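Understanding the architecture of this molecule
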Amino acid sequence: MSLLTLLLLALGLAMDAMAVSIASALAAARVRARDALLLAFMFGLFQALMPVIGWALGSQFAKTISAWDHWLAFVLLGGIGAKMIHEAITHHHPGVPDAPKPDDPPSKRNPFQMGTLTLMALATSIDALAAGITLPVLEVRLVMAAAIIGGVTFALCLLGVSVGRRFGEKLEGKLDIIGGLVLIGIGTKTLIEHLSAG
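Read on for an overview of the structure. No experiment lies behind these values; they were computed from the predicted model shown.

1. Looking at the overall build of the chain
Scanning the chain from terminus to terminus reveals seven helices and zero strands. Along the chain direction, N to C, the helices and strands of the chain fall in the order α-α-α-α-α-α-α. By residue count, 46% of the 198 residues in the chain fall in the buried class. Partitioning the intrachain contacts of the chain with sequence separation of at least 6 by distance along the chain shows that 91% fall at a separation of at least 24.

Dropping the structure here:
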């Protein structure tokens, strides 16, 4: 996999986390710099670790699935992308608190609490776990892939919190659709390349 394709994969996976960052900023009563940094760190950490777990699972079964690995990449990445698009259309993000109501107590209006952040980071990184299974198939260096996925997620989540404080409601759904299309495109490209080579 080229560096450009890896960056596109990282961007596609990070779009979901960025959309949740935007939604979190919208739901919060106030956003401090430390809140944005903590959210970006947690999301980036989970997004970096999950592909490693997925890679380990994929490596264990690499010999078994070598005959149809390109189909696996196509189905997994395509499925993740379709799921992101579906959730964008239905406006569903797992673990994201609803926007605050005027009479909500402060404790219920803070999506930046550690417990809430952990749940959201886990929920948005499941796709990265599934995508990590395809990394041995795509012949990616694990450390570089994890670092790029985590770093891109960190940067986009910081941006997402900032965007969410301004005009998040207009962009949130579009980001997931873009990310989903990118992942579907990578899966399709992998399938076509393997079929052409065969």
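So, next bit.
2. Looking at the environment of Asp 35
Tracing the chain through its elements places Asp 35 in helix H2 (residues 33–60). Considered as a pair, Asp 35 and Phe 112 are 77 residues apart in the sequence and their alpha carbons are 5.9 Å apart. Every residue in contact with Asp 35, bar those within four places of it in the chain, is listed here: Arg 30 and Phe 112.

3. Quick word on the packing of H2 against helix H5 (residues 114–132)
Following both chains from N to C, one finds H2 and H5 inclined at 35 degrees, their axes separated by 7 Å at the closest point. Here H2 runs over H5; the crossing is right-handed. Mapping the contact onto sequence places Leu 38, Leu 39, Met 42, Phe 43, Phe 46, Gln 47, Met 50, Pro 51, Ile 53, Gly 54 and Trp 55 in H2 and Met 114, Leu 117, Thr 118, Met 120, Ala 121, Leu 122, Thr 124, Ser 125, Ile 126, Ala 128, Leu 129 and Gly 132 in H5. Of the residues belonging to the contact of H2 with H5, the class tally is 17 nonpolar, six polar and no charged.

4. Structural notes on the nonpolar core
Counting 25 residues, the largest nonpolar core has Leu 6, Leu 9, Leu 13, Ile 80, Val 140, Val 152 and Leu 183 as its most contacted members. Counting only elements with at least two residues in this core, the list comes to helix H1 (3–27), helix H4 (69–90), H5, helix H6 (135–138) and helix H7 (142–197). Within the second largest apolar cluster, 16 residues are counted, among which are Ala 36, Met 42, Phe 46 and Cys 157.

Parameters at a glance
- Residues take numbers from 1 onward in each chain, read along the sequence in its written order.
- At least 70 in pLDDT is required for a residue's local features to be given in this predicted model, at least 80 for side-chain atom pairs to be given and counted, and no such filter applies to totals for whole chains, interfaces and linings, which use all residues.
- Side-chain measures were taken over the full set of non-hydrogen atoms in the model, leaving aside hydrogen atoms and water.
- Note on conventions: DSSP H or I runs of at least 4 residues are helices, E runs of at least 2 residues are strands, and numbering of each starts at the N terminus.
- Throughout, exposure labels follow a simple rule: accessible area from a 1.4 Å probe, protein chains only, divided by the maximum for the residue type, with under 20% read as buried, over 50% as exposed, and the rest as partly exposed.
- Every residue pair with non-hydrogen atoms within 4.5 Å of one another is taken to be in contact.
- Under this scheme, a helix contributes an axis fitted over its contacting stretch, all axes are lines through C-alpha atoms, and angles between N-to-C directions fall in the 0 to 180 degree range.
- The handedness criterion is simple: a crossing whose near helix is rotated anticlockwise from the far helix by less than a right angle is left-handed, and one whose near helix is rotated clockwise is right-handed.
- Amino acids are sorted into nonpolar (Ala, Val, Leu, Ile, Met, Phe, Trp, Tyr, Cys and Pro), charged (Asp, Glu, Lys and Arg) and polar (every other residue, Gly among them).
- We define a nonpolar core as any set of buried Ala, Val, Leu, Ile, Met, Phe, Trp, Tyr and Cys residues linked to one another through side-chain atoms lying within 4.5 Å.

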